[in-house]
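Here is how the chains run, residue by residue.
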Amino acid sequence: MTTSSIPATSTADAPVIGVLALQGDVREHLAALTAAGATPRQVRRPEELAEVAALVIPGGESTTMSKLAIIFGLLEPLRERVRAGMPVYGTCAGMIMLADKILDGRDDQETIGGIDMIVRRNAFGRQNESFEAEVEIQGIEDGPVEGVFIRAPWVESVGGGAEVLATFDGHTVAVRQGNVLATSFHPELTGDHRVHRLFVEMVRGA
């Protein structure tokens, strides 16, 4: 993304980063982005998407999120912005939304795409099997982050363009491809904002 294509309300120091506010833990991401040095905004409509330099896709329910993205006219604009190089970070359901292919999804489930990976929904178990674990993430210093896994997916495989940043229990749980970042877990629920700071730095460098 060139400087001229960044919305006028965005600055290099505090880029305007949207949070897809159709469903999921939106408020927690808004707070984490603020703590990480960004200017966050909620995004529900195409005109709001056009006003942000980057986007976070929160955790939630991926099938519901994909249906609402279609209803609100956001799915194709999202795909276009990702193809054009907009930085995007997806957590849990957001990871599923950014996968080029998903396993165990509904037949009519749509994704945005952006990362050459195959993701398995609910791979770590159901709601009552949620857990927390320390995760070492490539590119993040000062020790592991605390990963909150809630009905979390994992990455079955990645293509040549994707980089594995973290694994847990033998499964890939953090991936980056160009300006697109995804984690299986929820760093926004922990008070540790290092993953969000990593994403903000990605936006500043885009």
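Scope of this entry: the structure provided in the associated data block.

Criteria and cut-off values
- Residues numbered from 1 in each chain as written.
- Predicted model: local features only at pLDDT ≥ 70, side-chain atom pairs only at ≥ 80, totals over all residues.
- Heavy atoms only, no water.
- Helix = DSSP H or I, 4+ residues; strand = E, 2+ residues; numbered from the N terminus.
- Rg over C-alpha atoms; globule rule 2.2 N^0.38 Å.
- Buried < 20%, exposed > 50% of the residue type's maximum accessible area, 1.4 Å probe, protein only.
- Contact = heavy atoms within 4.5 Å.
- Areas by Shrake-Rupley, 256 points an atom, 1.4 Å probe, with all protein chains shown as cover.
- Lys, Arg positive; Asp, Glu negative; His and termini not counted.
- Charge placed at Lys NZ, Arg CZ, Asp CG, Glu CD.
- 1 Å grid on protein atoms, 1.4 Å probe; cavity = no way out; pocket = protein on both sides within 12 Å on 5 of 7 lines; lining within 4 Å.
- Points joined across faces, edges and corners; volume = space filled by probe spheres on them.
- Nonpolar A, V, L, I, M, F, W, Y, C, P; charged D, E, K, R; others polar.
- Salt bridge = Lys/Arg side-chain N within 4 Å of Asp/Glu carboxyl O.

## Points about the overall build of the protein
From N to C terminus, the protein includes 6 helices and 12 strands. Computed over its C-alpha atoms, the radius of gyration of the protein comes to 15 Å, within 12% of the 17 Å expected for a compact globule of 206 residues. When the backbone C-alpha atoms are referred to their principal axes, the protein occupies close to 45 × 40 × 35 Å. Buried positions account for 50% of the 206 residues belonging to the protein. Sequence-distant contacts, at least 24 apart, represent 67% of the contacts inside the protein between residues at least 6 apart. Only carbon and sulfur atoms are counted for the fraction: they give 46% of the accessible area of the protein, which is about 8900 Å². In the protein, 18 positive and 28 negative side-chain charges are present, and the distance between their average locations comes to 6 Å.

## Describing the layout of surface pockets
The space that makes up the largest pocket amounts to roughly 190 Å³. Residue composition of the lining of the largest pocket, by class: 4 nonpolar, 5 polar and 3 charged.

## Considering the pattern of salt bridges
Following the criterion strictly, the structure yields 8 salt bridges and no others. We note a salt bridge from Glu 51 to Arg 41, for which the minimum N-O separation is 3.7 Å. With Glu 51 in the loop between α2 (46–49) and β3 (54–57) and Arg 41 in strand β2 (residues 39–43), this residue pair connects regions lying 10 residues apart in the sequence. A residue is classified by how much of its surface remains accessible, and Glu 51, at 42% relative accessible area, is partly exposed. For Arg 41, a relative accessible area of 30% gives the class partly exposed. Note that Arg 204 is salt-bridged to Glu 201, the shortest N-O span being 2.4 Å. Of this pair, Arg 204 and Glu 201 are both found in helix α6 (residues 194–205), 3 residues apart, which corresponds to roughly one turn of the helix. Taken together, the salt bridges that share partners define one network made up of Glu 61, Arg 121 and Arg 151.

Nothing here speaks to function; it is all geometry.
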